[in-house]
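So the chains spell out like this:
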Amino acid sequence: MKTSRLALAAALAVLSLASANAQQRTREAVEAEAIAAAHAKDQNVTRGSRGADPFTSTADAEAVYKQAVETAHAPNQNVTRGSRGPDPFTSSRDPAQVYQEAMATAAAPDQNVTSGSRVNSKVVSTMQNPVLQSAQGK
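Residues numbered from 1 in each chain as written. Predicted model: local features only at pLDDT ≥ 70, side-chain atom pairs only at ≥ 80, totals over all residues. Heavy atoms only, no water.

> Account for the overall build of the protein, with residues named and values stated.
Helix and strand counts for the protein come out as five helices and zero strands. Each helix and strand of the protein, ordered N terminal to C terminal, gives the series α-α-α-α-α. Every one of the 138 residues in the protein was classed for burial, and the buried ones make up 3%. Accessible area of the protein: about 12,900 Å², with a carbon and sulfur share of 57%. (Helix = DSSP H or I, 4+ residues; strand = E, 2+ residues; numbered from the N terminus. Buried < 20%, exposed > 50% of the residue type's maximum accessible area, 1.4 Å probe, protein only. Areas by Shrake-Rupley, 256 points an atom, 1.4 Å probe, with all protein chains shown as cover.)

> Which residues make up the pattern of salt bridges, and what are the values?
In this structure the tally under the stated criterion is two salt bridges. In this structure, the salt-bridge partner of Arg25 is Glu33, at a minimum N-O distance of 2.7 Å. Its relative accessible area of 49% is what places Glu33 among the partly exposed residues. With a closest N to O distance of 2.8 Å, Arg93 and Glu101 form a salt bridge. Its relative accessible area of 37% is what places Glu101 among the partly exposed residues. (Salt bridge = Lys/Arg side-chain N within 4 Å of Asp/Glu carboxyl O.)

Below you can see the structure in the form of structure tokens.
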């Protein structure tokens with residue numbers, strides 16, 4: 001109960017201050033303010049509804065122009081990636097090593113057998129890979 005009375009007293013104090021400030025303005029001052037607002041340019045228009053606000057660039061105009069010319073003369077400027085074929089590929093591995101690994105995998109005697117392919121058995125290869133044997137013999 002005390003807090004509601006305290007809140008009511010605070011609200012009344014704020015209301016009395018607001019009315020005291022409103023009474024300090026004269027009728028002529030309010031009328032002059034209303035006339036000025038009525039004659040103000042674009043008073044009923046929201047910002048941006050009549051086009052963009054004036055723009056002042058902070059960039060160097062010559063530098064922007066040079067960049068635009070360079071971009072306009074760039075090759076393939078309007079081409080999306082991959083539209084003229086795949087990107088060039090550069091391998092990070094030695095081609096001879098990749099070839100040897102591919103040949104060893106292709107010649108493996110048990111390459112198509114998985115570890116659980118036959119009654120949950122585990123395949124352990126005892127056969128020698130002929131490509132690996134010939135590579136070791138060299």
